[in-house]
Amino acid sequence: MSFSVTHAEITRRCAKLAHQIADNLADRQSDDGNFLLPDFYAKAFAANLWARTDRNTYRINIDRALRALTHQPQDKSYHREFIEYALLDMPGLSLQKRLEILRSSPNQCPDVANWQILGLINRQSRANGIWDKAVGIAHYHFIRSRYWRSPVFLDRPRCFSAQYHAFCAALLADSQNRPQQKMAKPATRLIADMTGSHGYANLLGRGAGQSFGAVCALFTLLKYGATDQAYAILYHLEDAFDKCGALPLNLLAPYLLPPNPGTINPGPANPKTPGWYSYNRHDDYLAFAGYWLLKAASLPSSKTAVALSEKPNQSSQVFLFSSRHYHAQMALTGAQCFDYTPAPVIVSGHGEKACLLLPPTGGEQDSPSLYGPSTAPLPALDGGDVALFISAKRRSSNQVDIAFELGSITGQRSILFSDNEITIKDQIPNTLPKIPDLFRILIDGNLDLRQISDTEFTVPKIGVTITSDRPLSLDNDEAFSVAGAATRITAQGSNCATLKLRWEDQE
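Now for a look at the structure at hand. All figures in this text were calculated on a predicted structure; none of them were measured in a lab.

Attention now moves to the packing of helix H2 (residues 42-54) against helix H3 (residues 59-70). At a minimum axis distance of 9 Å, the contact between H2 and H3 shows a crossing angle of 155 degrees. When the axes of H2 and H3 are compared, the pair comes out roughly antiparallel. Note on packing geometry: the crossing formed by H2 with H3 is left-handed. Note on element contacts: H3 touches H2 through Asn61, Ile62, Ala65, Leu66, Ala68 and Leu69, opposite Lys43, Ala44, Ala47, Trp50 and Ala51. Considered class by class, the residues forming the contact of H2 with H3 number nine nonpolar, one polar and one charged.

Structure follows, in structure tokens:
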């Protein structure tokens, strides 16, 4: 991966990928204007993409999509804010047609930052009167107070998602409103720090690894002149498209492209599609990606690049640590298991040699899911009781302490980061009636772990040695990460154990 790619080369390749997605969507569209798989807002973003790409070439596809949108049921799952945003930004669409499509459907207005910002921008795009402007100003200040903790956009109160942080930043970076653009700049610096040279822009929180967040991060970084980080993301998007012949929903497992209907059901209950939640739709994300890639392709070169941090941006929600060997990320707060990070997400190496070592874990729990308690990288008792995450705190620039509860007893995990080593210590009071299984940390299943002794393993591909002061065991039983199958590392027979991941310099 070269980082000498110019802004012009990046925009050219963004346009090429957007056109490929436009063709792919046209192939996937049925005669009735819908797509092969169920969707929420794919038709609106696809119509926008086709209109911007080549209205004459895709005229039939656009007409079909608009006709299908006009007859789309407006039930409680109707994504009014997303559909209206795409329609308001669609060239050549009349006001009459837009109103015919949206009819009297209300906004959903969930307590989620990206939905709230979509609603705000939609209102600003169509508002004319003084009352509309006043409501918009009040809504903007509500968003700032509830979801903005500079440089972080919260996904929901106290919950961080790198994916939806990037979407919020992209929405505001693309806004014509200067105060909104001003919010996007520090948010973009955080995106750059999280992306680094490895190009994985959204590894923390809800939606980790999905194309949705990657394209938003690419747009925002390119908008503010962070071309190296933008290109690192584009590299993964192009690579995934080349491997699959289409853009997969989950970039961390690009070989797992959702199949066609009638074969096998894609989603979180299917081991062949990790990284999905129940509300994900392949065509939604495909059209959304094409839309933002085409917008990125039209960006002029930034006169001044966003000022990147000498040290990674830190906040009470996010912990970042980078060294010459690896990049570590943790989300320190959250409400559900996909919000917080009880074991750090680790990318080993940099640039084209970067690969996941400790992948993102956790996922939606309110529907059948791969991500049950067995996938939580926390201590557990024999019989299935898994520790509950309580809190995580940054003790210093290179240490995070985590509190968890197991069998009504509070335990501690301490994680210390240095240049070539990560030390993880688990400790539970001896008052616990049973001896726990400690660590239970998931290693990416694509890596080859080789056993040296009962306390030492190596990962030759990346020059990492894993050692413990207690015997270690490996298993793959229901071990899934967002990147797919994983290998679980567990220490047994003690209430206290220390695990070290050490990088050796390679030629």
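Read on for the rest.
Turning next to H2. Its 13 residues place the ends of H2 18 Å apart at the C-alpha level, agreeing with the 18 Å of an ideal helix rising 1.5 Å per residue. Within H2, eleven of the 13 residues are buried, which leaves it mostly tucked inside the rest of the structure. Taken together, the buried positions of H2 are Ala42, Lys43, Ala44, Phe45, Ala46, Ala47, Asn48, Leu49, Trp50, Ala51 and Thr53. Looking at the buried side of H2, the elements it contacts are helix H1 (7-28), H3, helix H4 (80-88) and helix H12 (282-297).

Okay, the sheet that holds strand S2 (residues 152-156) next. Sheet architecture is open: three strands sit in the order S1-S2-S3, paired in antiparallel fashion. Only two strands of the sheet have a single neighbouring strand rather than two, namely strand S1 (148-149) and strand S3 (159-160). As judged from the two bridges shared by S2 and S3, these two strands associate in the antiparallel manner. Bridge pairing in S3 links Arg156 to Cys159. Sitting on the sheet, helix H8 (residues 162-173) is in contact with S2 and S3, with an inclination near 120 degrees to S2.

Packing of H4 against helix H6 (residues 113-126) brings their axes to within 9 Å, and their N-to-C directions diverge by 40 degrees. In terms of orientation, H4 and H6 fall into the oblique class. Of the two possible hands of crossing, H4 and H6 adopt the one that is left-handed. Contact residues: H4 offers Glu81, Phe82, Glu84, Tyr85 and Leu88, while H6 offers Asn114, Trp115, Leu118, Gly119, Ile121, Asn122, Ser125 and Arg126. Tallied by class, residues from the contact of H4 with H6 come to six nonpolar, four polar and three charged.

Before going further, it helps to spend a moment on the pairing of strand S11 (residues 421-427). Counting buried positions over the seven residues of S11 gives five, a clear majority of the element. Relative to S11, strand S10 (residues 409-417) runs antiparallel, the two being bridged by six bridges. Residue pairing across strands places Arg413 opposite Asp426, the latter belonging to S11. Hairpin connection between S10 and S11: a loop of three residues separates the two successive antiparallel strands.

Scoring rules and cut-offs
Residues numbered from 1 in each chain as written. Predicted model: local features only at pLDDT ≥ 70, side-chain atom pairs only at ≥ 80, totals over all residues. Heavy atoms only, no water. Axes fitted to C-alpha atoms, helices over the stretch in contact; angles between N-to-C directions. Helix = DSSP H or I, 4+ residues; strand = E, 2+ residues; numbered from the N terminus. Parallel < 35°, antiparallel > 145°, perpendicular 65-115°, else oblique. Left-handed = near helix turned anticlockwise from the far one by under 90°. Contact = heavy atoms within 4.5 Å. Nonpolar A, V, L, I, M, F, W, Y, C, P; charged D, E, K, R; others polar. Expected span 1.5 Å × (residues − 1). Buried < 20%, exposed > 50% of the residue type's maximum accessible area, 1.4 Å probe, protein only. Pairing = 2+ DSSP bridges.

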